[in-house]
Amino acid sequence: MRILVIGSGGREHAIAWKISQSTIVSKVYVFPGNAGIDVDNQLIRIPVSGPVSNEHIGKLVNENNIDMVVIGPEGFLVTGLVDYLQRKGLLVVGPTKAVAALEGSKIFSKVFMRNNGIPTADFEIFYDFDKAADYIKGSKFPIVIKANGLAGGKGVFVVKSQEEALLALQHLMKQRTLGEAGKCVVIEEFMAGFEVSFIVLTDGRNIVKFPICQDYKNLSNSGKGPNTGGMGAHFPLPFLNENMLSKFEEEIVRPVLRGVENMGHVYKGFLYCGLMVSESGEARVLEFNCRLGDPETQLLMLLMKGDFLPLLENACRKDEFSLSDVSTEFWHQRAGLCVVASAKGYPGEALKGDVIEVGRQIGDDPNIKFFHSGTEILDGNLITNGGRVLTISGIGENKDALRNKVYEKMSQIKFNGKHYRNDIGLTEIREK
Ligand SMILES: Nc1ncnc2c1ncn2[C@@H]1O[C@H](COP(=O)(O)OP(=O)(O)O)[C@@H](O)[C@H]1O
Ligand SMILES: [Mg+2]
């Protein structure tokens with residue numbers, strides 16, 4: 001099979017790398033990719049050569065005789081790339097536009113949860129600044145304010161006072177700093193507990209559950225600093241047990257699939273449930289994403305022992321429910337850890353163009369992988385080209401020993417302004 005992976009981050013590098021190991025793959029293309037795709041002999045990068053539209057991607061698919069497209073980022077799902085490519089008769093991994101509204105609109109998603117009895121924080125919806133401002137006067141803090149639309153991780157404010165809440169509302173609804181995305185908002189109850197990423201691949205009826213991991217969202221150690229796209233991830237999570245996992249499936253995943261079916265659609269692709277798990281083990285949904293998470297994927301692709309490609313193919317055949325669950329053998333029974341290095345300025349405007357020096361021993365351990373995110377090649381040098389620059393991921397028998405190995409590899413990579421957290425895998429992430 002000839003596969004095209006869409007996206008340019010570490011998630012897409014990891015997906016493409018994993019697919020390239022398949023026994024049924026012939027070529028793996030990545031558009032627009034990053035320098036990691038350029039330097040990997042198994043992968044072919046298609047660089048950007050003009051405006052990126054559905055039509056442009058359709059053209060790339062034809063030119064390269066692609067059989068199946070795997071979409072990484074949410075933007076393409078929400079604007080209907082799946083629908084477009086399906087109409088051309090292609091296999092595409094990901095939900096259609098109507099279903100991707102579960103990620104594309106927080107309001108749609110919260111109403112969907114309410115209508116389908118899916119546990120989530122209590123909420124109110126506001127289309128009007130004055131009404132929202134009035135509402136927070138009577139609120140208990142902390143409270144959470146969310147822009148309705150896609151905001152690249154910048155649309156959620158956990159606020160501790162009325163002043164902070166007003167600032168967030170002004171920013172979103174008056175100044176429209178996030179444009180249309182902040183025109184209307186959800187204001188919801190703050191939930192305490194352990195935040196986890198529960199991802200399944202589904203054909204609409206059957207599911208494959210991925211190992212549940214945690215994503216470290218704050219920039220700095222001990223949960224300090226601003227929110228980011230994710231600075232690392234770890235697995236396993238000792239506070240989860242099999243009982244809880246079955247409950248997450250029955251109370252959250254199944255009702256999503258049924259709810260989507262009741263709307264006259266079929267959920268095909270990845271369903272990412274961001275969950276807040278309380279001390280007593282009850283989970284409530286923070287949000288749904290309709291694609292794999294980053295950096296989680298950079299860890300999950302290493303934890304996956306079996307062949308990814310047949311699963312992807314079975315999850316996207318039109319009118320077929322051919323995905324079958326995998327045995328525990330499909331996953332390595334190991335600990336996993338990934339650490340992200342970011343550039344100076346991130347998550348604000350990040351410095352670009354710094355030369356990255358990579359130690360010679362970086363690739364000498366088959367259980368440790370170096371994935372690229374914001375990288376490019378300029379005049380033969382590897383340079384920084386984005387906020388999150390690269391990731392070191394690893395699997396091993398024991399988390400402590402693995403931590404040492406991953407951090408040792410991380411120290412072999414150098415660039416000006418390099419930043420990473422030192423505490424990935426050391427502590428569980430917990431909201432108090
Ligand atoms: N109701 C809530 N209670 C506590 N924390 C929350 C709540 N909603 C969101 N958060 C925090 O804010 C982060 C971002 O919110 P999320 O809904 O996932 O938006 P997005 O990923 O689209 O930015 C979450 O990962 C979580 O840490
Ligand atoms: Mg999120």
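Residues numbered from 1 in each chain as written. Chains lettered and ligands numbered in written order. Predicted model: local features only at pLDDT ≥ 70, side-chain atom pairs only at ≥ 80, totals over all residues.

With that settled, the discussion passes to the overall build of the protein. If you tally the helices and strands in the protein, you get 13 helices and 25 strands. The C-alpha radius of gyration computed for the protein amounts to 21 Å, which stays within 12% of the reference 22 Å derived for 432 residues, consistent with globular compactness. When its C-alpha atoms are laid out on the principal axes, the protein stretches across 60 × 50 × 45 Å. For the protein, the residues scored as buried account for 45% of the 432 residues in total. In the protein, 69% of the contacts between residues at least 6 apart in sequence involve partners at least 24 apart. (Helix = DSSP H or I, 4+ residues; strand = E, 2+ residues; numbered from the N terminus. Rg over C-alpha atoms; globule rule 2.2 N^0.38 Å. Buried ≥ 20, exposed ≤ 12 C-beta atoms within 10 Å, placed from the backbone. Contact = placed C-beta atoms within 7 Å.)

Moving on to helix H11 (residues 296-303). With respect to burial, H11 is a largely interior element, eight of its eight residues being buried. Within H11, the full set of buried residues consists of Glu296, Thr297, Gln298, Leu299, Leu300, Met301, Leu302 and Leu303.

What follows is about helix H13 (residues 399-411). Its 13 residues give H13 an end-to-end C-alpha distance of 18 Å, which sits within 8% of 18 Å, the value for a rise of 1.5 Å per residue. Close packing links the buried residues of H13 with strand S18 (335-342), strand S20 (368-372), strand S23 (388-396) and strand S24 (413-414). (Expected span 1.5 Å × (residues − 1).)

In the neighbourhood of ligand 1, 17 residues make up the surrounding shell, with Ala121, Val144, Val156, Met191 and Glu287 lying closest. Those elements giving two or more residues to the shell around ligand 1 turn out to be strand S7 (143-147), strand S8 (156-159), strand S9 (185-189) and strand S17 (283-289). Of the residues that constitute the shell around ligand 1, the class distribution is seven nonpolar, three polar and seven charged. (Near = placed C-beta within 6 Å. Nonpolar A, V, L, I, M, F, W, Y, C, P; charged D, E, K, R; others polar.)

Right, let's get into the packing of helix H1 (residues 10-20) against H11. Where H1 contacts H11, the axes come no closer than 8 Å and their chain directions differ by 15°. Put simply, H1 runs roughly parallel to H11. For the element pair H1 and H11, the recorded crossing hand is left-handed. From H1, Gly10, Arg11, Ala14, Ile15, Trp17 and Lys18 reach across to H11, where they touch Thr297, Gln298 and Met301. Grouping the constituent residues of the contact of H1 with H11 by class yields four nonpolar, three polar and two charged. (Axes fitted to C-alpha atoms, helices over the stretch in contact; angles between N-to-C directions. Parallel < 35°, antiparallel > 145°, perpendicular 65-115°, else oblique. Left-handed = near helix turned anticlockwise from the far one by under 90°.)

With that settled, consider the sheet that holds strand S3 (residues 43-45). Taken together, five strands build an open sheet; the order of strands is S3-S2-S1-S4-S5 and the sheet is parallel. Edge positions in the sheet fall to S3 and strand S5 (91-93), since each has one partner strand and no second. Put simply, the sheet's adjacent strands are angled 25° from each other on average, direction ignored. The pairing of strand S1 (residues 2-7) with strand S4 (residues 68-71) spans four bridges and is classified as parallel. The residue bridging Val5 from the neighbouring strand is Val70, located in S4. (Pairing = 2+ DSSP bridges.)

This part covers the nonpolar core. Core analysis: the biggest nonpolar cluster contains 122 residues, and Val69, Ile71, Val185, Leu271 and Leu275 have the highest contact counts within it. With seven residues, the top contributor of residues to this core is strand S16 (residues 269-277). Per-domain counts for this core show at least three residues from each of domain 1 (2-96) and domain 2 (128-183). In contact with Leu275, other than residues within four places in its own chain, are Val196, Phe198, Phe248, Ala283, Arg284, Val285 and Leu286. (Core = buried A, V, L, I, M, F, W, Y, C linked by C-beta atoms within 7 Å. Domains from an automatic or database assignment.)

Entries for the protein in the domain assignment read domain 1 (2-96) and domain 2 (128-183). Here the C-alpha centre of domain 2 lies 35 Å away from the C-alpha centre of domain 1.

Direction vectors running N to C along helix H8 (residues 129-137) and helix H9 (residues 162-174) enclose 165°, while the axes themselves pass 10 Å from each other. Considered as vectors, H8 and H9 are oriented roughly antiparallel to each other. In this structure, H8 crosses over H9, and the sense of that crossing is right-handed. Contact with H8, carried on its side by Phe129, Ala132, Ala133, Ile136 and Lys137, involves Gln162, Ala165, Leu166, Leu169, Met173 and Lys174 of H9 and no other residues of that element. Tallied by class, residues from the contact of H8 with H9 come to eight nonpolar, one polar and two charged.

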